[in-house]
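Here is how the chains run, residue by residue.
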Amino acid sequence: MKQLMQNIRFEKEAEAGLVGDRNVGQLYASLADINYLIIGDYDEALRNYSIASQTQYGTPSVYYKMGYINYSQKKYGEALNLFIKTAGETPSDTHVLYALGNVLSSRGDNFAAKGYYQRLMDILDQQRTKYTILFPQVNEEHEEIVEMYKMGANNLGVTLYRLSRQTGNSSMNAEALTNFTASIRAHDALERNQETLVRKAGTNLAEQNIKYMSQPQPEFEPSIYTEIPALPEGESLPK
């Protein structure tokens, strides 16, 4: 009931405002956040984010969330344009770079995807050097870095493998294996018990991708992690 009343209040205040007023845009963005993060109504969230972006409130966060919704609905062209808008203002946001790599990979543009994944990995390597040791199981910031590293390294590996087949450049296969190995190490850091040093049962995507490269199977192709973060870097889901 509280959420419903808040939605009605937002709508009334927004409708009462002047067209083009940034405050009205912010109201629509706030309403969209409720749809997006709490209710889970992506269509309504997209409608309200679109109004916000057209009412002087086209922020990187708004564009990213619109991009996420379009990506989740496999509208890759729309998602790409929105993520590019986001990257124009936040070029070092690791979530944006990862999302751009994924949407380009999904469109089959592996050359462009490779550039974004490599930029992502460069930034993650810089973040890792700030710490002598990462403790992803007890530190949320460390966990974020290692999780992104696991997914980014695997996806770069897949992209390099595809480009190797596309161009005939066998050296990219070696680079792909290097990245798959890095992804496995990151996965190990996330899953291994720090006291017993025992890793949880099961394999990760990079391990499966390496198996395919060594023993190709007709029912399997090297795969990327397709899920992307729901929010840009620095924002968090409501508790």
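Thresholds applied
- Residues numbered from 1 in each chain as written.
- Predicted model: local features only at pLDDT ≥ 70, side-chain atom pairs only at ≥ 80, totals over all residues.
- Heavy atoms only, no water.
- Phe/Tyr/Trp six-rings, centres within 6.5 Å; stacked < 30°, edge-to-face > 60°.
- Helix = DSSP H or I, 4+ residues; strand = E, 2+ residues; numbered from the N terminus.
- Buried < 20%, exposed > 50% of the residue type's maximum accessible area, 1.4 Å probe, protein only.
- Lys NZ or Arg CZ within 6 Å of the ring centre and 35° of its normal.
- Salt bridge = Lys/Arg side-chain N within 4 Å of Asp/Glu carboxyl O.
- Axes fitted to C-alpha atoms, helices over the stretch in contact; angles between N-to-C directions.
- Left-handed = near helix turned anticlockwise from the far one by under 90°.
- Contact = heavy atoms within 4.5 Å.
- Nonpolar A, V, L, I, M, F, W, Y, C, P; charged D, E, K, R; others polar.
- Core = buried A, V, L, I, M, F, W, Y, C linked by side-chain atoms within 4.5 Å.

*Asks:* I'd like a description of the packing of aromatic side chains, backed by residues and values.
*Replies:* All chains considered together, the criterion is met by 9 aromatic pairs. Taking 5.9 Å as the distance between ring centres and 90° as the angle between the ring planes, the aromatic pair formed by Y36 and Y68 counts as edge-to-face. Of this pair, Y36 sits in helix α2 (residues 22–39) while Y68 sits in helix α4 (residues 60–72), and the two are 32 residues apart along the sequence. Grouping residues by exposure puts Y36 and Y68 together as buried. An aromatic cluster of three or more residues is present, and its members are Y36, Y42, Y49 and Y68. Across the ring face of Y149, the terminal group of R128 is positioned such that the distance to the ring centre comes to 4.5 Å.

*Asks:* Let's hear about the pattern of salt bridges: which residues, and what values?
*Replies:* Inspection of every chain in the model, using the stated rule, returns 6 salt bridges. Note that R128 and D125 form a salt bridge whose closest N and O atoms lie 3.1 Å from each other. Within this pair, R128 and its partner D125 are both found in helix α7 (residues 110–128), separated by 3 residues, close to a single helical turn. Classification of D125 as partly exposed rests on a relative accessible area of 31%. A single salt-bridge network, built from bridges that share partners, covers D33, K65 and E235.

*Asks:* Before we move on, could you go through the environment of P238 and cite the residues and values that matter?
*Replies:* Structurally, the position occupied by P238 is in the segment after α10 (205–214). Assessed through its relative accessible area of 48%, P238 is described here as partly exposed. Through-space distance from the C-alpha of P238 to that of L37 is 7.5 Å; in sequence the pair is 201 residues apart.

*Asks:* So what's going on with the packing of helix α3 (residues 42–53) against α4? Residues and values would help.
*Replies:* For the pair α3 and α4, the least separation of the axes is 10 Å and the interaxial angle reads 145°. Seen along the crossing, α3 lies across α4 with a hand that is left-handed. On α4, the residues that touch Y42, A45, L46, Y49, S50 and S53 of α3 are V62, Y63, K65, M66, Y68, I69, N70 and S72. Looking at the contact of α3 with α4 residue by residue, the classes come out as 9 nonpolar, 4 polar and 1 charged.

*Asks:* Any details on the environment of G67? Residues and values, ideally.
*Replies:* Mapped onto the secondary structure, G67 falls in helix α4. Residue classification places G67 among the buried residues on the basis of a relative accessible area of 0%. Measuring from C-alpha to C-alpha, the distance between G67 and A79 comes to 4.3 Å, with 12 residues separating the pair along the chain.

*Asks:* Could you give an account of unusual backbone geometry, with specific residues and numbers?
*Replies:* Across residues other than glycine, the phi torsion is negative in most instances, and most of the peptide bonds are trans. Phi is positive for Q56, close to 60°, though the residue is something other than glycine. Secondary-structure assignment places Q56 in the loop between α3 and α4. For Q56, a relative accessible area of 52% gives the class exposed. A positive phi angle, near 60°, is found at K74, a position not held by glycine. Residue placement: K74 occurs in the loop between α4 and α5 (76–89). Relative accessible area serves as the criterion here: at 62%, K74 is assigned to the exposed category.

*Asks:* Tell me about the nonpolar core, residues and numbers included.
*Replies:* Y49, F83, Y98 and I228 are the most contacted members of the largest nonpolar core, which totals 61 residues. Sorting elements by how many residues they give to this core places helix α8 (residues 140–167) first, with 11 residues. Beyond its immediate chain neighbours, meaning those up to four positions away, Y49 contacts A29, A32, D33, Y36, V62, K65, M66 and I69.

So far we have only geometry, and geometry alone does not tell us how the molecule works.
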